[in-house]
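# Architecture at a glance
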2 protein chains.
Amino acid sequence: MSILFSRQCEYAIKAVVYLAVKKDGERVATNELTRRLNIPYHFVAKILQNLTKKGLLRSAKGPRGGFSLALPANEITLFDIVDAIDGTAFTRSCLLGFPECSGKNPCSVHNAWALQRESIQEMLVGKNVSQLARDMKKPEYQSRRKG
Amino acid sequence: MSILFSRQCEYAIKAVVYLAVKKDGERVATNELTRRLNIPYHFVAKILQNLTKKGLLRSAKGPRGGFSLALPANEITLFDIVDAIDGTAFTRSCLLGFPECSGKNPCSVHNAWALQRESIQEMLVGKNVSQLARDMKKPEYQSRRKG
DNA sequence: AGTATTTCGGAGTCTTTTCTCTGAATATAA
DNA sequence: TTATATTCAGAGAAAAGACTCCGAAATACT
Ligand code: FES
Ligand code: FES
């Protein structure tokens, strides 16, 4: 289905970046995320609960409650989110699924792939959600003028 | 689960490379693939049937039957196999799953990811199964001396 | 011709992932 | 206090992906 990330992880990234676009500490309710990002309500709720448990987000119940970043936006990287949801085994495991991946007895694509995934990992570590919020040009993320 | 490729695709690559290691046109039965590569019998059979329909393999029924490459090994690329099984939508679609992926209204990772996937695609197109057969150092692929 | 070996085709099962529902608990505001 | 908005927790349904089974057709060997 989706390359590189699971659906969950995809949604997680979308949501966290959405939070980062808001001013520091502002709370966003699941409802808003669902409406703006088109993510199933109960599903994204579950995912954000998870990220809360992992310490990336903070949650507040009740009216005017919702989720917000638990850390400054520039201290949360893409890698952190992926790690929290999908895990990062892919940085170590064989592209063809062989039980071990190393330079000794490499599979046919090992040499090429080892470079690629290194580069992907650098991308994930190198992007923090503050940058992501800035670079996100999708209309879903632009805050609305009041009518 | 496995990044980039589905299980099916993974198995397909493993199997086709196995065929390419053999001398031109030599047939390999599902049985042998299952034993050597540790792939479930009926599953790999299905996958190879599929590749046959797509024109990458040739099949022969009956005793001493099996599968063999339908083309010279250096004319089948990794990309061909991936295309036949998983499809290649990933070369065009957004990493975060947004409905459209282009330079106009890009998502946060578009610029970085567009380069990465370009590079991945080049890798897939650039590797043919003849090279893959040569570079495969996994013991599963080394032909056995008779006892 | 008869038998064993193998692919073919389709249906069926199991497992994982995705998504939904429900009933709490908690906080805000009137 | 009451009503309301929200997260929390866990179970459950649906869909997709991975894998199995079976009966039939084709081929090779005796
Ligand atoms: S052994 Fe296959 S990618 Fe390293
Ligand atoms: S818009 Fe997201 S990768 Fe191109």
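For the structure itself, look to the data block above.
All of the points below concern the structure found in this document. (Residues numbered from 1 in each chain as written. Chains lettered and ligands numbered in written order. Predicted model: local features only at pLDDT ≥ 70, side-chain atom pairs only at ≥ 80, totals over all residues. Heavy atoms only, no water.)

Before going further, it helps to examine the protein's contact with DNA strand C. In the region of DNA strand C, 22 residues are neighbours, and Pro40(A), Pro63(A), Thr30(B), Lys46(B) and Ser59(B) sit closest. Side-chain polar atom of Thr30(B) to a phosphate oxygen of DNA strand C: 3.0 Å apart, as the coordinates give it. The separation between a sugar or linking oxygen of DNA strand C and a polar main-chain atom of Gly62(B) is 3.3 Å. Every element with two or more residues in the surface near DNA strand C is listed here: helix H1 (7–21) and helix H3 (41–53) of chain A together with helix H3 (41–53), strand E1 (57–60) and strand E2 (66–69) of chain B. Ranked by residue count, the leading element in the surface near DNA strand C is H3(B), at three residues. (Near = heavy atom within 4 Å. Polar contact = N/O pair within 3.5 Å; in protein donor to acceptor, adjacent residues only side chain to side chain. Helix = DSSP H or I, 4+ residues; strand = E, 2+ residues; numbered from the N terminus.)

If you check helix H5 (residues 110–126) of chain A, its first and last C-alpha atoms are 24 Å apart, about what 17 residues at 1.5 Å a residue would give, namely 24 Å. Of all the residues in H5(A), the buried ones are His110(A), Trp113(A), Gln116(A), Arg117(A), Ile120(A), Met123(A) and Leu124(A). With its buried residues spanning 145 degrees around the axis, H5(A) presents them on a single face. Turned more than 90 degrees away from the buried face of H5(A) sit Asn111(A), Leu115(A) and Glu122(A), all of them exposed. The inward-facing, buried residues of H5(A) abut helix H4 (78–85) of chain A together with helix H5 (110–126) of chain B. (Expected span 1.5 Å × (residues − 1). Buried < 20%, exposed > 50% of the residue type's maximum accessible area, 1.4 Å probe, protein only. Arc of directions from axis to C-beta. Contact = heavy atoms within 4.5 Å.)

To continue, consider the relation of the copies chain B and chain A. At an RMSD of 0.0 Å, chain B and chain A line up after a rotation of 180 degrees and a shift of 0.0 Å along the axis. The transformation just described matches what one would write down for a two-fold rotation axis. Among all residues of chain B, the minimum C-alpha distance to the rotation axis is found for Leu4(B), at 2.9 Å. Take the interface residues of chain B: 100% of them recur as interface residues in chain A, which is what a same-surface contact looks like. (Least-squares fit on C-alpha atoms with pLDDT ≥ 70 in both.)

Reports of interface size often rely on the accessible area that becomes lost once the parts have come together. Facing 34 residues of chain B, the contacting portion of chain A comprises 34 residues. For the pair chain B and chain A, the summed buried area comes to about 3400 Å², and 68% of that belongs to carbon and sulfur atoms. Per-residue buried area on chain B facing chain A is highest for Ile3(B), Ser108(B) and Lys138(B); these three make up 20% of the total on that side. For the interface between chain B and chain A, the tally reads zero salt bridges. Counting the contacts that link chain B with chain A gives twelve residue pairs in polar contact (both at pLDDT 80 or more). Ranked by residue count, the leading element in the side of chain B that touches chain A is H5(B), at six residues. When its residues are assigned to classes, the side of chain B that touches chain A shows 21 nonpolar, five polar and eight charged. (Buried area = accessible area lost by both parts, 1.4 Å probe. Salt bridge = Lys/Arg side-chain N within 4 Å of Asp/Glu carboxyl O. Nonpolar A, V, L, I, M, F, W, Y, C, P; charged D, E, K, R; others polar.)

Neighbouring DNA strand D are 22 residues; Thr30(A), Lys46(A), Ser59(A), Pro40(B) and Pro63(B) lie closest to it. Close to the protein, within 4 Å, the atoms of DNA strand D are drawn from sugar and phosphate at a rate of 60%. Contact between DNA strand D and Ser59(A): a phosphate oxygen at 2.3 Å from a side-chain N or O atom of the residue. In the environment of DNA strand D, a phosphate oxygen lies 3.3 Å from a nitrogen or oxygen atom belonging to the side chain of Tyr11(B). Going through the elements one at a time, H3, strand E1 (57–60) and strand E2 (66–69) of chain A together with helix H1 (7–21) and H3 of chain B are the ones with two or more residues in the surface near DNA strand D. In terms of residue class, the surface near DNA strand D is built from ten nonpolar, seven polar and five charged.

Okay, the environment of Phe79(A) next. Residues and elements named next belong to chain A. Counting through the fold element by element, Phe79 comes out in helix H4. As a C-alpha pair, Phe79 and Leu48 span 31 residues in sequence and 16 Å in three-dimensional space. Not counting residues up to four positions away in its chain, the partners in contact with Phe79 are Thr88, Gln121, Leu124 and Val125.

Residues and elements named next belong to chain A. Taken as a whole, this structure holds five salt bridges over all chains when the rule is applied. Note that Arg134 is salt-bridged to Asp135, the shortest N-O span being 3.8 Å. Residue classification places Arg134 among the exposed positions, given a relative accessible area of 54%.

Residues and elements named next belong to chain B. Running from amino to carboxyl end, helix H2 (residues 30–37) crosses H3 at an angle of 120 degrees, the nearest separation of the two axes being 9 Å. With respect to H3, the element H2 is oriented oblique. In this structure, the crossing between H2 and H3 has a hand that is right-handed. On the side of H2, the interface is formed by Thr30, Asn31, Leu33 and Thr34, while H3 contributes Tyr41, Val44, Ala45 and Leu48. In the contact of H2 with H3, the residues fall into five nonpolar, three polar and no charged. (Axes fitted to C-alpha atoms, helices over the stretch in contact; angles between N-to-C directions. Parallel < 35°, antiparallel > 145°, perpendicular 65-115°, else oblique. Left-handed = near helix turned anticlockwise from the far one by under 90°.)

Turning next to the pairing of E1(B). Residues and elements named next belong to chain B. Here four bridges tie E1 to E2, and the two strands are oriented antiparallel to one another. The residue bridging Leu57 from the neighbouring strand is Leu69, located in E2. Counted between consecutive antiparallel strands, the loop separating E1 from E2 contains five residues, among which Gly62 sits at a positive phi close to 85 degrees. (Pairing = 2+ DSSP bridges.)

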